[in-house]
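As a plain string of letters, each chain reads:
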Amino acid sequence: MCKTTMSEPQHYSSSSSRTEERSLTPDILISESDERLFRSLEEFIEQEKRYLKCPEQGPDELRYIVYSCVFNKVIGRATAYKRLLLTIKTEYDDVVRELQRREDEARAARRTLAASTSLPKSVITCQRRAAHLRDRICVVQRETTELQEEMKRQKPSEEQSMWIPGLTVAESEDPEALDGHMKHLEAQRASLLERKSRCVSLEVKAQLHTELHAELQASEHRRDQLSSNNHQLKVLYKRLRLVSDLLSSWEHEEQQIPLEELLGSTLEDLRQTSVTDDEGRIIVAELFEHEEPTGIDESKHLADHLDRFIELFDSAQYEDAAFLAARSPRGVLRNLDTMEMFQGVKGPLGSPPPLLLFLQALLMTTSVGEELPAALSLQLVHCALRHGATQLVTHAFNNNKLTFSEDLGDVLTEHAQKNPGVADVCLAFATNVYEACRLDRKTALSMCRRGLIHSAADFMNHCDDLTAEDCLWVLCLSPSLVLLQLLTAPQQGRAAILSVSVSCSTLLADPQQQQLALQLLDSFVSGGRGALEDAILQDRSASVDVWDNVASRCSELNRADLSRAVLSVLLDQSGTRVLTPALQGGRLMEHVFL
């Protein structure tokens, strides 16, 4: 009885399940390799059943062992449903073991019943347990069917994972979108192939690096030797020139002393003669100003250099072309025309702009202290800032490789206003540029925008070229109460650079700066009547009309308190008289300052 019960799930999987596998299995397969696997498993099952001579019908333990082995192979191949299949197999194995145990108990019960007919209850119990297990098997089969349906529902998501990366579901089915994506991939492939054509293998690169390093060391050694010999020749040239000048002077002086005595007195000086770097450059300029290098046809060398540059430029090897142009003989390619050539082309996708490569090459091949022309300096800074290469600008400033101009400072200032992250660095460079160009008011403005208010005020107070109009221009572009107070206060016995009355009158006339003037007057009033009175009395360059205008402006701005405070100070001064009794319209006809 136990064998019959145990074989029911196996018979179900051997006969009816084979037909279901043929109808259901193809729906859940996702690749040809899975189809080959299940085909080979079916062949293995048939071959093992023939070899073990399993009956086609009825329960058989060998058939159970064959299917259990095949199920283990399926579980080993599975990925996403491996844990689920293991759970199912474990449940089946538990059921089979329980059936075997019940079968053994039933067999023992039959033997006991045969020996004695007094135990019918144990047989009934076994039958009940067998029926219970059959019900449990039905539940497991139902759960298996539900899992198969869940696998069918999961099939679309598995197919979606095989769609083209970078495209949505709708785009994967749209021919136009697929054509556009294919063109994009072809462009990327062409770009990669182009880059690959300019690359060499690592072995070749390592060999070239070794050879070039050896050549570099040999060249450096040769350079050091030639530099030493060149220095000795310069010293010898300087000594010979001194002797020549001495002899010429001796001849023009009609040989007043013997030549031996003249030379003997100068030998000691000649032995101590040395040549500085500046003297060395002057000597080279004197010797080779009108000569070509020995053994070299400079015109042919220049023509070859230009041909090589055109060849690299036409083949879009912009980096090599940029360095070749930067190292051109006599700097024939270090000009605006070459810069416009690089400005008019675009590099490969993902590479730096050709213009930036050219300007960077110019900067790297320029020695420390040697300044690029003003136009190239302006373009270099503008291009570097536009592409975020702030470190390139820093290198140029730190090594004094730029020619300063007002336009260069304006470019730095404009970039600082648009990019707060690098504002302090750019404004610091702009301050240096304006100061070198003696643009004092822009220098002060840059310092104010950096927050260096006291430094800017000190600079403006000690700058003789700045006028009151320049100071007001700085205040209008960078309003600051602290700066206004510093500029209107006397400095170490010197008169203030700005008149309080003129400053307030000018700022009150500008709607955008009225609050600044009112804040200054409030600061005087808050300091007490004496503070405002001192400010008015010390403002010796102002007239009563200007202060009257300030009072009128305050009244128009609904600040009658400030207007009354100003007029009160004016009315209290001796030697004055009022034209009209109205306080608001009071106008003084005589100067109040003694």
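Labelled according to an unreviewed UniProt entry, the chain appears under the name Clathrin heavy chain linker domain-containing protein 1-like isoform X2, originating from Cottoperca gobio.

**Student:** Explain the overall build of the chain to me, please; I cannot follow it from the model alone.
**Tutor:** Counting secondary structure elements, the chain contains 27 helices and 0 strands. Counting across all 594 residues of the chain, residues that qualify as buried make up 31%. When the accessible area of the chain is evaluated, it comes to approximately 36,800 Å², of which 53% is carbon and sulfur surface.

**Student:** What am I meant to see in the packing of aromatic side chains here?
**Tutor:** Two numbers describe a pair of aromatic rings. These are the distance of the centres and the angle of the planes. Under the criterion given, the structure shown has 7 aromatic pairs. With a centroid separation of 4.9 Å and 10° between ring planes, the pair formed by Phe-342 and Phe-358 is classed as stacked. Of this pair, Phe-342 sits in helix α13 (residues 336-343) while Phe-358 sits in helix α14 (residues 354-364), and the two are 16 residues apart along the sequence. Seen from the ring of Phe-44, Lys-73 lies directly overhead, with NZ or CZ sitting 4.2 Å from the centre. Seen from the ring of Trp-473, Arg-441 lies directly overhead, with NZ or CZ sitting 4.0 Å from the centre.

**Student:** Mind showing me how you'd approach the packing of helix α23 (residues 500-509) against helix α24 (residues 514-526) here?
**Tutor:** Two numbers describe how α23 lies on α24: the axes approach to 7 Å, and their chain directions differ by 145°. α24 is crossed by α23, and the crossing has left-handed handedness. The residues of α24 that touch α23, namely those facing Val-500, Cys-504, Leu-507 and Leu-508, are Gln-514, Leu-516, Ala-517, Leu-518, Leu-520, Leu-521 and Phe-524. Its residues assigned to classes, the contact of α23 with α24 shows 10 nonpolar, 1 polar and no charged.

**Student:** Is there a simple way to explain the nonpolar core in this structure?
**Tutor:** Soluble globular proteins: nonpolar side chains tend toward being buried together. Phe-309, Phe-342, Phe-358, Leu-359, Val-381, Val-393 and Leu-412 are the most contacted members of the largest nonpolar core, which has 45 residues in total. Elements that contribute at least two residues to this core include exactly α11 (298-314), α12 (318-326), α13, α14, α15 (374-386), α16 (390-398), α17 (406-418) and α18 (423-436). Residue contributions to this core peak at 8 residues, all from α14. Leave out the neighbours within four places in its chain, and Phe-358 touches Ala-322, Ala-325, Leu-333, Asn-335, Thr-338, Met-339 and Phe-342. With 41 residues, the next largest nonpolar core counts Ala-457, Leu-475, Leu-484 and Leu-518 among its residues.

**Student:** Please explain the packing of α15 against α16 as it appears in this structure.
**Tutor:** For any two helices packed against each other, the geometry is given by the interaxial angle and the distance between the axes. Axis separation between α15 and α16 bottoms out at 7 Å; the angle between their running directions is 150°. Judged by the angle between their axes, α15 and α16 are roughly antiparallel. Listed contacts from α16 to Val-381, Ala-384 and Leu-385 of α15 are Thr-390, Leu-392 and Val-393. Residue classes in the contact of α15 with α16 are distributed as 5 nonpolar, 1 polar and no charged.

**Student:** Please explain a negative patch on the surface as it appears in this structure.
**Tutor:** Together, Glu-171, Asp-174, Glu-176 and Asp-179 make up a negatively charged patch on the protein surface. Here Glu-176 shows up in helix α7 (residues 175-197).

**Student:** Got a minute to help me understand a nonpolar patch on the surface in this structure?
**Tutor:** A cluster of nonpolar side chains, namely Val-204, Leu-208 and Leu-212, defines an oily patch on the protein surface of about 250 Å² accessible area. Structurally, the position occupied by Leu-212 is in helix α8 (residues 202-252).

**Student:** I tried to follow unusual backbone geometry on my own but got confused; where do I start?
**Tutor:** A negative phi holds for most residues other than glycine; trans holds for most peptide bonds. Its identity is not glycine, yet Ala-316 carries a phi of approximately 65°, on the positive side. With respect to the helices, strands and loops of the structure, Ala-316 is situated in the loop between α11 and α12. One non-glycine residue, Arg-438, adopts positive backbone phi at about 60°. Along the polypeptide, Arg-438 turns up in the loop between α18 and α19 (440-449).

**Student:** When you look at the confidence of the model for the chain in this model, what are you seeing that I'm missing?
**Tutor:** With 79% of its residues at a pLDDT of 70 or more, the chain has an overall mean of 77. Across residues 1-27, where pLDDT falls below 50, the model places 44 contacts with residues more than four positions away in sequence or in other chains. Of the regions scoring below 50 in pLDDT, residues 574-594 engages in 45 contacts with residues more than four places distant in sequence or in other chains.

**Student:** Just checking my understanding: could you explain α8 for this structure?
**Tutor:** For α8, built from 51 residues, the straight-helix expectation of 75 Å at 1.5 Å per residue is met to within 8% by its first-to-last C-alpha distance of 72 Å. Taken together, the buried positions of α8 are Lys-234, Val-235, Lys-238 and Trp-250.

**Student:** Would you explain the pattern of salt bridges in this entry?
**Tutor:** Pairing is possible between side chains of opposite charge, provided their charged atoms come close. Using the criterion set out here, one finds 22 salt bridges in the structure. Residue Arg-97 pairs with Asp-94 through a salt bridge whose shortest N-O separation is 2.4 Å. Residue Arg-97 and its partner Asp-94 are both found in helix α4 (residues 82-115); the two are separated by 3 residues, about one turn of the helix. The partly exposed category is assigned to Arg-97, whose relative accessible area is 49%.

**Student:** I'm lost on the environment of Thr-506 in this one. Help?
**Tutor:** With respect to the element layout, Thr-506 can be found in helix α23. Overall, the relative accessible area of 34% leaves Thr-506 in the partly exposed class. Considered as a pair, Thr-506 and Val-550 are 44 residues apart in the sequence and their alpha carbons are 9.1 Å apart.

**Student:** Can you help me understand the layout of surface pockets in this one?
**Tutor:** Unfilled space is identified by rolling a water-sized probe across the atoms. Computed from the structure, the second largest pocket encloses a volume of approximately 420 Å³. Taken together, 15 residues make up the lining of the second largest pocket; nearest its centre are Arg-198, Ala-316, Glu-319, Pro-348 and Ser-351. The biggest single contributor to the lining of the second largest pocket is α12, with 3 residues.

Conventions we followed
- Residues numbered from 1 in each chain as written.
- Predicted model: local features only at pLDDT ≥ 70, side-chain atom pairs only at ≥ 80, totals over all residues.
- Heavy atoms only, no water.
- Helix = DSSP H or I, 4+ residues; strand = E, 2+ residues; numbered from the N terminus.
- Buried < 20%, exposed > 50% of the residue type's maximum accessible area, 1.4 Å probe, protein only.
- Areas by Shrake-Rupley, 256 points an atom, 1.4 Å probe, with all protein chains shown as cover.
- Phe/Tyr/Trp six-rings, centres within 6.5 Å; stacked < 30°, edge-to-face > 60°.
- Lys NZ or Arg CZ within 6 Å of the ring centre and 35° of its normal.
- Axes fitted to C-alpha atoms, helices over the stretch in contact; angles between N-to-C directions.
- Left-handed = near helix turned anticlockwise from the far one by under 90°.
- Contact = heavy atoms within 4.5 Å.
- Nonpolar A, V, L, I, M, F, W, Y, C, P; charged D, E, K, R; others polar.
- Core = buried A, V, L, I, M, F, W, Y, C linked by side-chain atoms within 4.5 Å.
- Parallel < 35°, antiparallel > 145°, perpendicular 65-115°, else oblique.
- Patch = residues over 30% accessible without salt bridge, like charges linked within 9 Å, V, L, I, M, F, W, Y side chains within 5 Å.
- Salt bridge = Lys/Arg side-chain N within 4 Å of Asp/Glu carboxyl O.
- Lys, Arg positive; Asp, Glu negative; His and termini not counted.
- Charge placed at Lys NZ, Arg CZ, Asp CG, Glu CD.
- pLDDT = per-residue confidence, 0-100.
- Expected span 1.5 Å × (residues − 1).
- 1 Å grid on protein atoms, 1.4 Å probe; cavity = no way out; pocket = protein on both sides within 12 Å on 5 of 7 lines; lining within 4 Å.
- Points joined across faces, edges and corners; volume = space filled by probe spheres on them.

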